[in-house]
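# What the coordinates show
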Amino acid sequence: MGCTPSMLLDHKNRRDSTGSQEAALAKIAPTPVCQNKAVQAARAPRASLESDGFSIQLSSKKDSYVSQMGNNFATQLHIKRISEKLHGEGSSSGSPGARAGRRSSLALTPEDEPLVDIANRSPPPSQVPSALLYAPAEPLELLCVFPERGSRVCAAACSAAARSGGESRAVRSAREALDAFRRDQDAKQPHVVVIDARQIQLMDATLLARAIRGMKNTQHVILIAVVKKSAYLKDDFAVLPYLEAGFNRIMVETLGASAWCAEMLQARAASATARAQIGAVAALAAAADRCRDLVAVTDDQQRILLTNKSWCRVVGSRLEEGPRPLTEAISGEALRLAASGVREWEAPIMLRRRATPDSVLLPCRGSSVALNRSTSHVVLVCEAASVMEGERARGSLHSIRRGSLDVRSVASDGLRRTSLAKLQGLPLEAPITKVISLLSTATEGAPPSTVACIERAVDMLRTSELYSPQMREDPKMRTEDPIATDLIGALLSREQLNTNLAYMQGTTNVLSSRRSSNDSTVVRSQANRTNMKHKTTGQLREVLDTALSWDFEIFRLEDLTRGRPLTHLGLTLMGGRFDVCSALECDERTLLHWLTIIETNYHAVNTYHNSTHAADVLQAVAFFLEKDRLKSVLEPLEAAAALISAAAHDIDHPGTSSAFLCNSRHSLAILYNDVCVLESHHAALTFKLTLNDDRVNIFKNLDRDTYKNVRHNVIDMILATEMTKHFEHLAKFVNVFYARSSGSKEDGMQTDEPLSLDTTALTSPENVVLIKRMMIKCADVSNASRPQKFAFEWARRIAEEYFLQTDEEKAKDLPVVMPMFDRATCSIPRSQIGFIDYIIIDMMEAWAAFIDMPELVTHARNNHARWRELDEAGVTTIADVRRAQRQAITNTNTTEE
Ligand SMILES: Nc1ncnc2c1ncn2[C@@H]1O[C@@H]2COP(=O)(O)O[C@H]2[C@H]1O
């Protein structure tokens with residue numbers, strides 16, 4: 001709750017604690033005509049009555065076992081006075097004059113009042129809504145704190161609690177007593193605490209009472225101090241220290257069962273009443289807090305006790321500020337009326353803002369609240385809608401902006417309000433709701449720059465597309481380059497799918513896309529499939545021996561295996577180095593069959609998305625898995641799942657993008673509802689092929705749970721290669737594993753500050769998921785971070801595949817997903833510069849630091865520089881790039897000779 005109801009409850013105590021309570025007493029008591037007439041009018045008649053009653057009680061029961069104390073300041077005041085009267089001494093002064101003064105205060109009668117027409121102005125006693133004060137009968141929960149082992153007084157109190165239908169617990173130390181009030185304790189919170197105050201050397205009871213009162217939500221707890229009879233009967237026995245420490249009652253030590261029973265019943269009733277009252281105040285404070293209008297409650301001295309969130313937002317104050325003069329916050333006619341005691345009034349109010357020199361003029365309604373004839377509180381309500389209008393007129397976006405928007409929408413839409421209310425009644429709260437509410441709370445009383453920053457962040461959090469990238473305005477990046485924009489847009493955005501203006505009937509089978517016409521290639525791959533055996537020639541062995549180096553000769557492997565690199569590399573890495581067969585409890589033959597069927601289902605006709613790409617990604621994942629960081633985090637089964645995912649992650653890729661499949665109404669797009677079409681297909685087909693035939697089923701020996709776990713891992717990693725989620729995965733990874741050093745820009749926007757690696761979160765399972773996703777993502781696009789000759793060949797291959805898609809889109813009159821990727825006009829260097837700038841660098845920097853592999857970034861930067869050189873040299877086409885590369889190699893060779 002944002003309001004501070006505790007201040008409403010004890011403001012009278014606080015008032016006097018500004019000086020000492022005694023001093024306040026001395027100030028009020030001897031004054032025949034009280035400065036505050038309202039207080040005096042309320043207090044005087046009751047004072048004499050109650051004090052008389054109390055004195056009778058004291059004199060008649062002083063020798064008896066119990067002395068009772070009220071819980072409010074007025075009663076405390078009277079106890080003090082009586083106590084002083086009886087003891088003949090005051091803490092402020094023990095002089096006869098002072099005593100006389102006190103007596104005259106006690107003797108005040110209504111006749112002493114100045115003749116002011118208070119009745120006409122003061123409100124009649126307010127109706128306290130009794131329903132709010134309803135206190136359900138609860139069994140008593142008693143806590144006894146007696147340091148002495150086997151205390152008989154303690155036993156008497158506990159048995160009295162049991163007799164009155166309650167439960168009791170006995171503890172021996174203050175620490176145990178305080179533990180009983182901690183929220184995480186299973187046991188119920190005590191309603192009544194009986195504290196042994198007889199032996200200060202064993203335990204300081206007043207200290208403990210203060211500590212209990214210092215804890216949250218203990219206002220309703222009844223604290224009873226047990227004192228020695230001998231001490232209590234002494235003339236100098238002082239009640240006040242107990243009151244000040246927070247005790248409600250004093251009990252003289254006794255073993256008498258009926259005395260304790262009576263005490264328990266009274267304590268239970270007092271506790272129930274206190275709980276009901278505090279609950280009611282808390283509920284009303286919560287209501288004020290949720291109110292859009294600006295609400296403030298003052299005491300009878302025109303000091304603000306409580307303000308709601310809307311008030312704080314406009315004024316720039318904090319909720320928990322303690323009582324403060326109303327004159328500091330407002331001016332104008334309302335100030336005069338608030339002090340006048342007039343029951344209901346309406347007047348303009350000038351609200352002073354803290355952060356800015358300006359004030360806000362608002363219509364305000366005031367009303368006085370009283371429990372008897374005199375005002376106890378004044379409630380001020382200012383219209384929030386007027387703040388909004390004022391802000392609009394001034395054209396400023398101050399901190400009220402959020403509140404005023406809410407006002408507008410809620411006010412204009414009653415229906416929405418009802419449904420919101422219904423929603424709020426549901427036991428649902430998403431983490432994002434909590435985050436937004438925490439941030440909103442943090443704005444209270446914060447400096448304007450922080451408020452602006454937080455509001456901006458909250459606005460962003462309110463959008464549903466938290467991880468959707470927005471092109472950054474970065475002068476270092478070539479945002480003006482249409483080729484880069486085209487490529488990145490196609491990779492990251494789903495919007496393109498909506499440009500389905502024209503369509504042609506899609507193909508029914510992925511495998512029957514344009515490349516299937518390339519019969520010769522298909523025949524070749526099928527021939528290879530039937531003859532597949534893991535035989536390695538000398539050259540092949542040589543290449544495979546370097547399977548764990550970053551400049552692994554992937555294209556040489558492609559040549560040597562005649563387009564079957566995946567099976568060979570898979571056997572070497574999965575069957576050999578990583579011993580996937582042990583992790584999966586399968587034999588090597590099954591793994592061979594599995595690799596074969598997976599490789600067969602890649603399209604050899606694709607220039608980029610073929611089994612060489614799969615082998616390349618597999619090799620990158622294997623390389624990453626060798627890094628210490630990953631070795632320490634991933635289990636063998638997780639490593640196996642990562643290798644399986646890498647090998648299969650693009651299976652049956654048609655050589656066209658998901659956007660193309662959606663635009664062409666392909667059966668896969670229909671099947672997967674245009675969402676993650678290709679990745680869903682890759683994952684699903686992997687399992688379909690694997691489970692279809694026992695001879696290839698590498699999972700067949702896994703128990704149900706392990707299989708489920710591996711399957712979950714594989715699916716998650718394959719789906720993570722979906723590029724529309726690129727920034728989501730990257731941002732989550734960076735958020736978890738990197739901490740930004742302090743001193744970020746004031747507006748909270750992105751800075752060039754270095755991020756520092758924070759590996760404290762390494763072991764949590766949900767964070768390990770982020771690592772695995774990042775690993776396969778980086779492997780998937782690692783071609784741009786490979787040594788130049790590989791990176792350039794991959795760039796040529798992907799460009800060729802894009803060109804073919806554009807050709808097909810044009811031929812079939814489909815929307816062209818990447819119009820810039822037209823073989824006649826496209827600049828390969830520029831596309832690569834954009835790809836490295838937008839996709840590669842940030843991700844590789846984060847990953848390289850995480851696994852300690854700086855060469856990932858070095859290669860990416862070198863490649864970027866070389867592409868730039870080529871761009872500046874006017875190189876654009878694939879043929880030009882090839883020529884320039886050949887020339888570069890020749891030049892290097894010549895120089896070496
Ligand atoms: N060197 C590159 N240049 C441009 N785009 C690339 C490059 N490497 C990978 N990509 C794209 O990044 C995507 C990653 O997921 P896919 O393998 O499905 O498809 C890939 C390509 O579309």
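Keep in mind the model is a prediction, meaning the values are calculated, not measured. (Residues numbered from 1 in each chain as written. Predicted model: local features only at pLDDT ≥ 70, side-chain atom pairs only at ≥ 80, totals over all residues. Heavy atoms only, no water.)

### As for the nonpolar core
Most often, soluble globular proteins have nonpolar side chains that are buried together. Core analysis: the biggest nonpolar cluster contains 126 residues, and W594, F624, F733, W847 and F850 have the highest contact counts within it. Non-local contacts of F850, meaning those with residues more than four positions away in its chain, are made with R629, L630, F733, F737, Y738, L757, L762 and I771. Listed in part, the 29 residues of the second largest apolar core include V171, V193, I195 and I212. (Core = buried A, V, L, I, M, F, W, Y, C linked by side-chain atoms within 4.5 Å. Buried < 20%, exposed > 50% of the residue type's maximum accessible area, 1.4 Å probe, protein only. Contact = heavy atoms within 4.5 Å.)

### A few points about the side chain of N863
Topologically, N863 is positioned in helix α39 (residues 855–872). Ignoring anything within four residues of it in the chain, the contact list for N863 reads A784, S785, R786, P787, Q788, A791, F792 and I836. (Helix = DSSP H or I, 4+ residues; strand = E, 2+ residues; numbered from the N terminus.)

### Quick look at the site of the ligand
Of all residues adjacent to the ligand, which total 14 residues, the nearest are H609, D780, N783, Y802 and Q832. At 2.8 Å, a side-chain N or O of H609 approaches an oxygen atom of the ligand. The side chain of D650 places a nitrogen or oxygen atom 3.3 Å from an oxygen atom of the ligand. The protein chains hide 94% of the 450 Å² of surface that the ligand would expose on its own. For the shell around the ligand, the secondary-structure elements that each account for two or more residues are α21 (482–492), α37 (788–811) and α38 (828–851). Residues belonging to the shell around the ligand are distributed by class as follows: 8 nonpolar, 4 polar and 2 charged. (Near = heavy atom within 4 Å. Polar contact = N/O pair within 3.5 Å; in protein donor to acceptor, adjacent residues only side chain to side chain. Areas by Shrake-Rupley, 256 points an atom, 1.4 Å probe, with all protein chains shown as cover. Nonpolar A, V, L, I, M, F, W, Y, C, P; charged D, E, K, R; others polar.)

### Here we look at the pairing of strand β7 (residues 294–299)
The buried fraction of β7 amounts to 6 of the 6 residues, a majority that puts the element mostly inside the structure. Side chains L294, A296 and T298 project from β7 onto one buried face, and the interleaved V295, V297 and D299 project onto a second face that is buried too. Of the pairings in the sheet, the one linking β7 to strand β13 (residues 377–382) comprises 6 bridges and is antiparallel in character. From the neighbouring strand, V295 faces β13, where its bridge partner is V381. Across 3 bridges, the pairing between β7 and strand β8 (residues 303–307) is antiparallel. Following the sheet pairing, V297 is matched in β8 by L306. In textbook terms, the turn of a hairpin is the stretch between consecutive antiparallel strands, and for β7 and β8 this stretch comprises 3 residues, one of which, Q302, has a positive phi near 55°. (Pairing = 2+ DSSP bridges.)

### Some points on the side chain of N606
Mapped onto the secondary structure, N606 falls in the loop between α27 (588–600) and α28 (611–625). Given a relative accessible area of 1%, N606 falls into the buried group. Reaching out from N606, the side chain makes a polar contact with the backbone oxygen of H609 at a distance of 2.9 Å. In this structure the side chain of N606 is engaged in a polar contact, spanning 2.8 Å, whose partner is the backbone oxygen of H653.

### Remarks on the UniProt feature "binding site: AMP" (unreviewed entry) in the protein
In the numbering used here, UniProt assigns the "binding site: AMP" (unreviewed entry) feature to H609, N610, S611, T612, H613, D650, D780 and Q832. Looking at the element boundaries, T612 is found in helix α28. Classification of T612 as buried rests on a relative accessible area of 2%. Structurally, Q832 is set in helix α38. (UniProt positions renumbered as here; feature names shortened; annotations may be inferred.)

### Re the sheet that holds strand β12 (residues 359–369)
Spatially, 7 strands are ordered β9-β8-β7-β13-β12-β11-β10 in an open sheet, and the strand pairing comes out antiparallel. In this open sheet, the two edge strands, each paired with only one partner strand, are β9 (324–325) and β10 (330–331). Pairing of β12 with β13 involves 6 bridges; the strand directions are antiparallel. Bridging from a neighbouring strand, S367 pairs with V379 of β13. The sheet strands contacting helix α15 (residues 333–340) are β10, β11 (344–352) and β13, and the helix crosses β11 at an angle near 130°. (Axes fitted to C-alpha atoms, helices over the stretch in contact; angles between N-to-C directions.)

### Some points on the UniProt feature "binding site: Zn(2+) 1" (unreviewed entry) in the protein
UniProt's entry tags H613, H649, D650 and D780 with the feature "binding site: Zn(2+) 1" (unreviewed entry), counted in the numbering of this structure. The named residues occupy 168 residues along the chain; their greatest pairwise C-alpha distance, 9.8 Å, places them in one compact cluster. Here H613 is to be found in helix α28. A polar contact is formed between the side chain of H613 and the side chain of D650, at a distance of 3.1 Å. With respect to the helices and strands, D780 occurs in helix α36 (residues 765–780). Here D780 is in contact with Y608, H613, V617, H649, D650 and T721, once residues within four sequence places are set aside. Polar side-chain contacts of D780 include one of 3.0 Å to the side chain of H613.

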